[in-house]
Amino acid sequence: MGLIYIQDEQLWGEKLPKLATIYLLVLKLLYDEKMEMVSSSTQIVTTLGEINGKAGSFRVLSGIPSPTEMRRTIALLKRYQIIEPLDILEELNEETRMVIYPCIHAVLLGDNIRELLLTFSEEEEIGEETALQGTIENMPE
């Protein structure tokens, strides 16, 4: 595959935004699921609707992200050659198609992805419970 990964004390990777992290995890799941169905293809095509739908099923997105945020995330993942949009990003919608490259395996490994997605939803639930508790405590009697 031609990939070299170097880890050192002085080398810091780019910190990914939350949406990019969520999309990365979801793309890996979609890639694995679709590869089980097809055996001859090395590239998988998905849509933005599938990505957001899968993220919604894991309850890691509270709503559909803004188009600007989605464009930035897709551009970031494209820069690292993880995906390739097949449609124009200016006309972003649920039907926007993207190729997921096999290098997604080099970024994420194993079944730990589902665990990571569950931690996102657990953190969000804890945040919602804390906010609700604060609202109840501050209510006038």
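Residue numbering note: each chain is counted from 1, following its sequence as written. Local features in a predicted model are, by the rule used here, given only for residues with pLDDT of at least 70; side-chain atom pairs are given and counted only at 80 or more, and totals for whole chains, interfaces and linings are based on all residues. In computing side-chain values, all of the structure's heavy atoms are included and hydrogens and water are not.

Visitor: Give a description of the pairing of strand E3 (residues 97–100) that names residues and reports values.
Guide: Strand direction decides the pairing type here: strand E1 (residues 44–47) and E3, joined by four bridges, are antiparallel. Counted as the bridge partner of Val45 is Val99 from E3. Bridge analysis of strand E2 (residues 83–85) against E3 gives three bridges, and the strand direction is antiparallel. Across the sheet, residue Pro85 finds its bridge partner in E3, namely Met98. Only strands joined by at least two bridges in the DSSP assignment are considered to pair. We count a stretch as a helix when DSSP gives it H or I for four or more residues in a row; a strand needs E for two or more, and each element gets its number in order from the N terminus.

Visitor: So, the packing of helix H1 (residues 18–37) against helix H2 (residues 48–57): which residues are in play, and what are the values?
Guide: Two elements in contact, H1 and H2, have axes separated by 9 Å at closest approach and are oriented at 105°. Taken together, the axes of H1 and H2 lie roughly perpendicular to each other. The segment H1 lies against H2, with Ile22, Tyr23, Val26, Leu27, Leu30, Glu33 and Lys34 engaging Leu48, Glu50, Ile51, Asn52, Lys54 and Ala55. Charged residues are taken to be Asp, Glu, Lys and Arg, nonpolar residues to be Ala, Val, Leu, Ile, Met, Phe, Trp, Tyr, Cys and Pro, and polar residues to be all remaining types, Gly included. Across the contact of H1 with H2, the residue classes break down as eight nonpolar, one polar and four charged. The axes are straight lines fitted to the C-alpha atoms, using for helices just the contacting stretch, and the angles between their N-to-C directions are given from 0 to 180°. Angles below 35 degrees are treated as roughly parallel, those above 145 as roughly antiparallel, those between 65 and 115 as roughly perpendicular, and all remaining angles as oblique. It only takes one pair of heavy atoms within 4.5 Å for two residues to be counted as in contact.

Visitor: Before we move on, can you summarise the environment of Gly53 with the specific residues and values?
Guide: Mapped onto the elements of the fold, Gly53 is located in helix H2. The buried label goes to any residue with under 20% of its type's maximum accessible area, the exposed label to any with over 50%, and the partly exposed label to all in between, with areas taken from a 1.4 Å probe on protein chains only. A relative accessible area of 42% means that Gly53 is categorised as partly exposed. Placed 41 residues apart in sequence, Gly53 and Glu94 show a C-alpha to C-alpha distance of 9.5 Å.

Visitor: Hey, could you go over the side chain of Asn52 for me, with residue numbers and the actual values?
Guide: Along the chain, Asn52 turns up in helix H2. For Asn52, a relative accessible area of 9% gives the class buried. Setting aside its immediate chain neighbours within four residues, Asn52 contacts Tyr23, Leu61, Ile64, Pro65, Met70 and Glu94.

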